[in-house]
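One-letter residues, chain by chain:
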Amino acid sequence: MALSDDLDAFFSDFAVSATSGGTTANGILDQPTSVVAGDQVIFVDYVFHCKNSDFGTLVTGDSITVDSVAYTVRTNEAGIDNLTREISLQKT
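Now for a description of the structure that goes with this document. One numbering rule holds for all chains: residues counted from 1, following each sequence as written. Local features in this predicted model are restricted to residues whose pLDDT is 70 or higher, and side-chain atom pairs enter the listing and the counts only when it is 80 or higher, whereas totals over whole chains, interfaces and linings include all residues. To get the side-chain values, take all heavy atoms of the structure and skip hydrogens and water.

## With respect to the sheet that holds strand S6 (residues 84-91)
Through backbone hydrogen bonds, the strands of a sheet pair up, either in parallel or in antiparallel fashion. Reading around the circumference, S1-S2-S3-S6-S5-S4 is the order of the 6 strands in this closed barrel, with antiparallel pairing throughout. Strand after strand, the sheet turns through a mean of 45° between neighbouring axes, direction not considered. Paired strands, in this sense, are two strands between which DSSP finds at least two bridges. Starting at the N terminus, helices and strands are each numbered in turn, a helix being any DSSP run of H or I of at least four residues and a strand any DSSP run of E of at least two. Across 8 bridges, strand S2 (residues 23-37) lies against strand S3 (residues 40-51) in antiparallel orientation. Looking across to S3, one finds that Ile-28 is bridged to His-49. Axis lines are fitted to C-alpha atoms, over the contacting stretch for helices. Their N-to-C directions set the angle, which ranges from 0 to 180 degrees.

Structure (structure tokens):
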């Protein structure tokens, strides 16, 4: 079975629910990654991993609620397989 055959299984065990616009789907939230320059924290990134078909069209500045917490999209990049997305988020 190829990965593309059943992405729902991949996003089930550690998944949380996310909603943006009219789309609600599951994904995995990695939190947080601090970006540091010298001795200052520039920002703290959260990364949401999901199916491309669910949130592939989100762009910088879009809103998304993940696990009942509001975030703003910083970046939305295709995963290595082009079936998944890695969406960098900032709490709003």
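There's more to say after this.
## Things to note about the pairing of strand S4 (residues 63-66)
Type-normalised accessible area, obtained with a 1.4 Å probe on protein chains alone, sets the label of each residue: buried when under 20%, exposed when over 50%, and partly exposed for intermediate values. Residues of S4 alternate between two faces, with Ile-64 and Val-66 buried on one and Ser-63 and Thr-65 left unburied on the opposite face. Relative to S4, strand S1 (residues 16-20) runs antiparallel, the two sharing 2 bridges. Bridge assignment links Ala-18 to a residue of S4, and that residue is Val-66. Two strands pair when backbone bridges link them, and S4 and strand S5 (residues 69-78) are joined in this way by 4 bridges, in the antiparallel orientation.

## Section: the nonpolar core
Counting 15 residues, the largest nonpolar core has Leu-29, Phe-48, Phe-55, Ile-64, Val-66, Ile-87 and Leu-89 as the members making the most contacts within it. Within the residue set of this core, elements represented by two or more residues are S1, S2, S3, S4, S5 and S6. Top element by residues in this core is S3. It accounts for 3 residues. Buried residues of nine kinds, namely Ala, Val, Leu, Ile, Met, Phe, Trp, Tyr and Cys, make up a nonpolar core once their side-chain atoms join them within 4.5 Å.

Honestly, it's all geometry; don't read function into it.
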